[in-house]
Amino acid sequence: MVAADDLVRARKQLLDGGSRTRRLDTVALRQALVDLHEFWLTTKGAELGIKPDSGFAIVAVGGLGRRELLPYSDLDLVLLHDDIDPVVVSDVADRLWYPLWDAHIKLDHSVRTVPQALQVASSDLTAALGLLEARHIAGDVELSNLLIGGVRRQWRTGIRSRFDELVEQARARWARSGEIAHRAEPDIKNGRGGLRDIQLLSALAIAQLTDAVPGLGPQTPGGGLAFAHDRLLDVRTELHRVAGRARDQLRAQDADEIGAALRIGDRFDLARMLSDSARTISYSVDVGLRTAGNALPRRGLSRLRRTPVRRPLDEGVVEHAGEVVLARDAKPNKDPGLIMRVAAAAAQSGMPISASTLNRLSDSAPELREPWPKEALDDLLVLLGSGKNTIAVVEALDRTGLWGRLLPEWGAIRDLPPRDAVHTWTVDRHLVETAAYASGFTTRVSRPDLLVLGALLHDIGKGRGGDHSLVGAELANQIGNRLGLWPSDVAVLSAMVRYHLLLPETATRRDLDDPATVRMVVEALGGDTVVLELLYALAEADSLATGPGVWGDWKSSLIRELVRRCRMVMAGEQLPTPDPIDPEHAALAADGGVHVLLRPAEGAHTYTVTVVAPDTLGLLSDAAGVLALHSLRVLSASLGSHEGAAVNSFTVAPRFGAPPQAGLLRQELIRAISGELDLVAMLEEKEQQAQVEQALERGTEGVPVQYAQAPPRIIWFDTPVDGQVILELRAEDRLGLLCRLASVLERLGADIRWARVSTLGASVVDAFCLHLGDTDSRVTREEFEAAVLAVVPAPRPRKAGDADGVDNGATGGGAG
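Model, not experiment: these values are computed from the prediction.

**Structural notes on the sheet that holds strand β5 (residues 310-314)**
Part 1 of the reasoning: Read from one edge of the open sheet, 3 strands run β5-β6-β7, paired in antiparallel fashion. Either end of the sheet is taken by a strand with one partner, and the two such strands are β5 and β7 (323-326). The sheet shows a mean angle of 40° between the axes of neighbouring strands, direction not considered.
Part 2 of the reasoning: As paired strands, β5 and strand β6 (residues 317-320) are joined by 4 bridges and run antiparallel to one another. Each residue of the ladder has a partner; that of Arg 310, found in β6, is His 320.
Part 3 of the reasoning: Of the strands in this sheet, β5, β6 and β7 touch helix α12 (residues 338-349), which is tilted by about 160° from β7.

**Side note on the sheet that holds strand β3 (residues 107-112)**
Part 1 of the reasoning: If you trace the 4 strands from one edge of the open sheet to the other, you get β3-β2-β1-β4, paired in mixed fashion. A strand with exactly one partner marks an edge of an open sheet, and here the two such strands are β3 and β4 (135-139). Between one strand axis and the next, the sheet turns by 25° as a mean value, whatever way the strands run.
Part 2 of the reasoning: Pairing analysis gives 4 bridges linking strand β1 (residues 56-61) to β4, with the strands arranged antiparallel. Considered in β4, the bridge of Ile 58 is made with Ala 138.

**With respect to the packing of helix α8 (residues 195-206) against helix α9 (residues 224-243)**
Part 1 of the reasoning: Contact geometry for α8 and α9: axes closest at 10 Å, N-to-C directions at 140°. By the criterion of interaxial angle, the relationship of α8 to α9 is oblique. Relative to α9, the crossing made by α8 is left-handed. When α8 is examined against α9, the residues Leu 195, Ile 198 and Leu 201 are found in contact with a partner set consisting of Leu 225, His 229, Leu 232, Leu 233 and Arg 236.
Part 2 of the reasoning: Within the contact of α8 with α9, the residues separate by chemical class into 6 nonpolar, 1 polar and 1 charged.

**Some details on the side chain of Glu 732**
Part 1 of the reasoning: By the secondary structure assignment, Glu 732 is in strand β14 (residues 724-732).
Part 2 of the reasoning: Here the side chain of Glu 732 touches Gln 709 through a polar contact of 2.5 Å, landing on its backbone nitrogen.
Part 3 of the reasoning: One polar contact links the side chain of Glu 732 to the main-chain amide nitrogen of Ala 710, over a distance of 2.9 Å.
Part 4 of the reasoning: With residues up to four places along the chain from it excluded, the contact list for Glu 732 reads Ser 439, Ala 708, Gln 709, Ala 710, Leu 737, Ala 762, Ser 763 and Pro 793.

So, how was this worked out
- Throughout, residues of each chain are indexed from 1 in the direction in which the sequence is written.
- Where totals are concerned, whole chains, interfaces and linings use all residues; where local detail is concerned, this predicted model gives features only for residues with pLDDT of at least 70, and gives and counts side-chain atom pairs only at 80 or more.
- Only hydrogens and water are set aside when side-chain values are computed; all heavy atoms of the structure are taken into account.
- Pairing between two strands is assigned when DSSP locates at least 2 bridges connecting them.
- The secondary structure listing takes helices from DSSP runs of H or I that are at least 4 residues long and strands from runs of E that are at least 2 residues long, numbered from the N terminus.
- Note on geometry: axes are C-alpha line fits, over the in-contact stretch for helices, and angles between N-to-C directions span 0 to 180 degrees.
- Any pair of residues with heavy atoms lying within 4.5 Å of one another is described as a contacting pair.
- Roughly parallel covers angles under 35 degrees, roughly antiparallel covers those over 145, roughly perpendicular covers 65 to 115, and oblique covers all other angles.
- With the far helix as reference, a near helix turned anticlockwise by less than a right angle produces a left-handed crossing, and one turned clockwise produces a right-handed crossing.
- Following the grouping adopted for this structure description, the nonpolar residues are Ala, Val, Leu, Ile, Met, Phe, Trp, Tyr, Cys and Pro, the charged ones are Asp, Glu, Lys and Arg, and the polar ones are all others, Gly among them.
- Pairs of N or O atoms are called polar contacts if they sit within 3.5 Å, as long as, within protein, a hydrogen donor faces a hydrogen acceptor (for residues adjacent in sequence, only side-chain-to-side-chain pairs).

As structure tokens, this is what we get:
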């Protein structure tokens, strides 16, 4: 038997290709290699008698089967036979394999009948995935078709019992190989977002559980899934050519050469392209696995539901089959704020947005007008305040082109690789990670909305040249105005971006004992204590999002000491104060009786509800409870009194649909005041029911526990009035929180003189002026703290060093 030296020489000639200007590009090289090996195998097969009706067939799997043969890929072949005499089969196999072995060509081979191959595929998942890519090369085509058709039918009928193993195998591979998008030396083949994931999608499509290209079209960033696939193939092809052998991991020392050969640029340009492609593939795999899972029979408690319910989440947004989808009557082409409502609902519920919903929004949703409506900004804050849930939602929006539509400045940092090894993530992912960490610190600051916005934008100036802090500050001005922030808030946001490195750089590089150091920081911030506390929280979130070991005791203690000294220089904060009473409401108070006014507010889906009634114990909790039971979310409230009557104004947003009539709210309020309604118990039941429905829909056992991203924080302010204090609560919102808070305060005998309530995204900052009477101040405060903390969302399990969540004295909460 003559070795396949002719095949080796031809391969070498293709790879050498003469000068660089004459060598084949990656696509032409792969096609030439496929043609070359097919020609050799068909010629050799004919020589061995492997012809039509011979009872033999040569079938290719792997790279040759997919027509993606790389320079140093193994040759994966199956010699099929129709139950022929073993002696004859052995002779043909030896004469086919030995020339390849003698020529040192890497060969994965097997010799089987069709039933034997099907038996292997039924018991070995890896073998089954390989045979799904089988392609006839030479010999008896009917024999090959029996195998190919049989494997695919077997895969389709058996996928229900193999799906969990398929997913587990993919997750184990991702755990071993990591994410291509965020690895300095990624595994192009096996990493998350790599070529193996393309094959996974193909296997799901063959099982008829999903489309081969789910959820993405060619107009999305990166050009869609097919383009991402081609780019990864090109990089792996060039990696083989540069390395001179089979290799899947892109080494840093080869990146510049590969980038130049593919005319992409340097290693940073190559890394950016790889990140874009891998994230596109990763998103497609997430959609594919989710779609496939939904196509399979439900398990556990979810089997109790015959058909998935459509549970309302927000106006035009519902939950269906464990995904966030558009309501049947939603009109995305006429509703610019729908994108943000969908995103906020997904982040809060922890459910993914369905691919069809994202595509529909991408195709038809109009641009948000500038400045953004307040409700759109509120939804953005809810999204950014949802912790780790934020990351997947932003990634889905970004991969489908919606995030860049909301923030056009994002394009310059999308997939931008870091310039130093300490950074784990690309710049855009780092910003989202920072916002996720910052959501855990929202109760440390008086402006949680500006904290999460500043976290999202602090590095927005990168990728444009110049000092990214200065460039970013200008962009923050531009973005803040577009979002509809007040000019004073835009100034704070811009200062956060401009000075986001000020505290860590000063604390770690300057002498804190030098008064000039503290004076320099105070002057740079204009003596603004709000900016100082925001930068303190941002510094920690930024460090934690950078990478392991960036935030530690040494750095934390230095920044804490710097902030303490700056506060001493800046001094004091103003106490919260009540809002003035509207003259119209004062007139209603003078008339007596119970009045409920409902009027449209500035936003498209917001209303103002004003309750004027005799100022009796429990009125605030009754009013807030009635609003919550009618699915009216309190965005802000101003609570006061006039001539013995309470005047409580609430800015509310219906969770879906139109608000109830004012007359119905008044009737329910009168029933609550008379004691006919146990509002707290009704709210508990409503909340539990929603959680049980969500658990059933997801197929999980039991009721999920609601954890807050940030621990609740209680701050006490003393006032000049004897027996009167101000309690400020910073916490995350929940159904009927204001009703619950008012109920416990009233139950403990506090007289609520006035209150100011603000809902900022997913966080609340509520200040209550309380008259505590003659009770012992220390004991009373402890009782109030325990009662209040019992009704806010539970904090996540604490780690060593976490703050205790309670401040005594007018400290402003700080971040210490």
